[in-house]
Protein chains: 2
Amino acid sequence: MKKELKKVVQNELNPNVSVDCVIFGFDLERLTVLLIDRGGNTKNIGPRLALPGNLIYNNENIDQAANRVLEELTGLKDIYLEQVGAFGDPNRICKDADREWLQSIRAEPEARVITVAYYTLVKMPDYAPQASSFAKTIGWASVNQINELAFDHFEILQAAKEKLKQKIKIQPIGFNLLPEKFTLSQLHRLYESILEKPLDKRNFRRKIQKLEIITSLKEKQRGVPHKPSQLFEFNEVRYQELTQNGFDNFGF
Amino acid sequence: MKKELKKVVQNELNPNVSVDCVIFGFDLERLTVLLIDRGGNTKNIGPRLALPGNLIYNNENIDQAANRVLEELTGLKDIYLEQVGAFGDPNRICKDADREWLQSIRAEPEARVITVAYYTLVKMPDYAPQASSFAKTIGWASVNQINELAFDHFEILQAAKEKLKQKIKIQPIGFNLLPEKFTLSQLHRLYESILEKPLDKRNFRRKIQKLEIITSLKEKQRGVPHKPSQLFEFNEVRYQELTQNGFDNFGF
DNA sequence: ATTTGAAAGTGTTAAATTGACACGAAGTAA
DNA sequence: TTACTTCGTGTCAATTTAACACTTTCAAAT
């Protein structure tokens, strides 16, 4: 058994633990996810598209790492973030972004990496993706048009979708995917996209309105070639009141 | 930045990643959890009681590690197991069990350890805890009498309880905590323990029976100083049939 | 033998929730 | 003015939920 000394340097990347982010968006039609294109050079193994992610530093906790990766990538802070879980086969290979660095400190380019996956919900108008140090190209993809991803990222994406599906049945987190002002139809389509099944329009509206967590604005949609829709906003204050009074049935 | 070479030895413990198990049981009165006593020697920091856990090997995946720890501890295989998530502050200290080993290979006894927590459900008659290489003492504790645990284990326990609570609202996993033959009252108390709220007896029984996933045996309870209860067993086959036909409403 | 104690088992009703279902209204574009 | 598109709205039957109390059956004690 090898027993070389390896000092833990605090502000160094930990070569064994990474964070991957499933960043969900909603283009008002479909649920989307932010993917990076790792490029097509021959050194890559498997599909080009991958979830954004990176190794964690030894002096940050896992949630911080997820927020950091997210901010580095999107510039957004304080956005809705939920852990999906830990993933990691022994044969999982390390990220391209860190491959060179890893090679410089270890004998093998393929390391045992555990990744902790998170999913996050962003309002698309708040963020237009652009290339970064992470990836040559980056962009939104429609979630259910994705068939494969690099590493075990497809599996992670499926797990994240499932978590989101379960969560939205219990808590009204969908508003994190919509602009501040939205229509009931948009909310309706959002729920259908996430739950992957049709919901009756009138029943949906009845149910949402009874929750008393959205406020009707005096404003209407403009410039649409049909009857303009009433705009609403999420009533955060009211929602807090309700949950603090033990009300927890926001279910679908 | 230090860049010493560190070869990844496959069948060696990974000093950065551990698995902790929240092993739930049910003593027919309360929900219980298996804890180890780390002993009272002065080298220990914080509370004596902790969740069982251990570092993972580089050549096993995380689920395998959890099953291994579980089998080493209880001798049980193939029991219900669900991931809670990854935990790990930068200042988290490593396990006693491995402290000496860790000290032998690294400069600092306190390492950055990420732990992946699991919860499992065991039928108590199947397992009577006994001391092992893990711990001097080991035993069941009533879940809601626990106020503190070593490391961040209390936080993990709370998260596991919450996951279990959510899960049992959706899937009939409670049977994993009961003996093969059980009474409706026992099942009733189990649900109340997990959900931490009273459930009306008659409504509970009606609801369970309508699910058609328990079978009434011809046998009754014996030797009790009151009217003996009908015994039931979980109908695994029927349950599979229902789920495969898309039925998914086992909710509470 | 009788009594006592303790949990088992059982049904109804009112209220709330769900699911199914169709058409007039309000805007833009041609 | 017409055509097109989406918005917005109510009822009814079926199902589900919540609240509620008394009799039965056994063992143990007297």
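Residues numbered from 1 in each chain as written. Chains lettered and ligands numbered in written order. Predicted model: local features only at pLDDT ≥ 70, side-chain atom pairs only at ≥ 80, totals over all residues. Heavy atoms only, no water.

Undergrad: What's the story with the nonpolar core in this structure? I'm lost.
TA: The nonpolar side chains of a soluble globular protein tend to be buried with one another. Among the nonpolar cores identified, the biggest contains 50 residues, and Val19(A) and Val19(B) are the most heavily contacted of them. Sequence-distant contacts of Val19(A), that is, excluding residues within four places in its chain, are made with Pro52(A), Gly53(A), Asn54(A), Ile56(A), Ile62(A), Ala65(A), Ala66(A), Thr115(A), Val116(A) and Tyr118(A). (Core = buried A, V, L, I, M, F, W, Y, C linked by side-chain atoms within 4.5 Å. Buried < 20%, exposed > 50% of the residue type's maximum accessible area, 1.4 Å probe, protein only. Contact = heavy atoms within 4.5 Å.)

Undergrad: How should I be thinking about the confidence of the model for chain A in this particular structure?
TA: Segments scoring low in pLDDT should not have their predicted coordinates read at a detailed level. Residues and elements named next belong to chain A. Model confidence for chain A is summarised by a mean pLDDT of 85, while 81% of its residues fall at 70 or above. Contacts for the low-pLDDT stretch residues 1-8, under 50 throughout, to residues beyond four places or in other chains number 29 contacts. Predicted confidence is poor over residues 101-109, with pLDDT under 50, and the contacts of this stretch with residues over four places away or in other chains come to 27 contacts. (pLDDT = per-residue confidence, 0-100.)

Undergrad: Would you mind showing me how to read the protein's contact with DNA strand C here?
TA: As a structural note, the neighbourhood of DNA strand C is formed by 22 residues, with Arg206(A), Ser185(B), Arg205(B), Pro225(B) and Gln230(B) the closest of them. Counting only the atoms of DNA strand C within 4 Å of the protein, the fraction contributed by sugar and phosphate is 40%. Taking Asn203(A), its side chain carries an N or O atom lying 3.2 Å from a base nitrogen of DNA strand C. In this structure, a phosphate oxygen belonging to DNA strand C sits 2.6 Å away from a side-chain N or O atom of Arg205(B). (Near = heavy atom within 4 Å. Polar contact = N/O pair within 3.5 Å; in protein donor to acceptor, adjacent residues only side chain to side chain.)

Undergrad: I keep staring at the pairing of strand S2 (residues 31-37) of chain A and nothing clicks. Help me out?
TA: Two faces make up the sheet, and in a regular strand the side chains alternate between them. Residue and element names in this part refer to chain A. With respect to burial, S2 is a largely interior element, seven of its seven residues being buried. Every second residue of S2 is oriented toward a common face, with Leu31, Val33, Leu35 and Asp37 on one face and Thr32, Leu34 and Ile36 on the other, all of them buried. One ladder, built from three bridges, connects strand S1 (residues 13-26) with S2; its direction is antiparallel. Each bridged residue has a counterpart across the sheet, and for Gly25 the counterpart in S2 is Thr32. As defined by bridge partners, S2 adjoins strand S7 (residues 137-142) across six bridges and the pair is classed as antiparallel. Residue pairing for S7: Val33 is matched across the bridge by Ala141. Two strands pair when backbone bridges link them, and S2 and strand S3 (residues 49-50) are joined in this way by two bridges, in the antiparallel orientation. Residue pairing for S3: Asp37 is matched across the bridge by Leu49. (Helix = DSSP H or I, 4+ residues; strand = E, 2+ residues; numbered from the N terminus. Pairing = 2+ DSSP bridges.)

Undergrad: Even after reading the chapter, I still don't get unusual backbone geometry, so can you show me in this structure?
TA: What is expected of a backbone is that most residues other than glycine have negative phi and most peptide bonds are trans. Unlike most non-glycine residues, Glu212(A) shows phi in positive territory, near 60 degrees. Structurally, Glu212(A) is set in the loop between helix H5 (201-211) and strand S8 (214-220). Here the phi dihedral of Asp78(B) falls at roughly 55 degrees; this positive angle occurs in a residue that is not glycine. Residue position: Asp78(B) is located in the loop between helix H1 (62-74) and strand S5 (80-87). What makes Asp78(B) exposed here is its relative accessible area of 77%.

Undergrad: Whenever I open this one, the protein's contact with DNA strand D confuses me. Can you help?
TA: Near DNA strand D you find 22 residues, and of these Ser185(A), His226(A), Gln230(A), Arg206(B) and Lys227(B) are the closest. Within the contact set of DNA strand D, a base oxygen lies 3.5 Å away from a side-chain nitrogen or oxygen of Lys227(A). The side chain of Arg202(B) places a nitrogen or oxygen atom 3.2 Å from a base nitrogen of DNA strand D. The element that contributes the greatest number of residues to the surface near DNA strand D is helix H5 (residues 201-211) of chain B, accounting for five residues.

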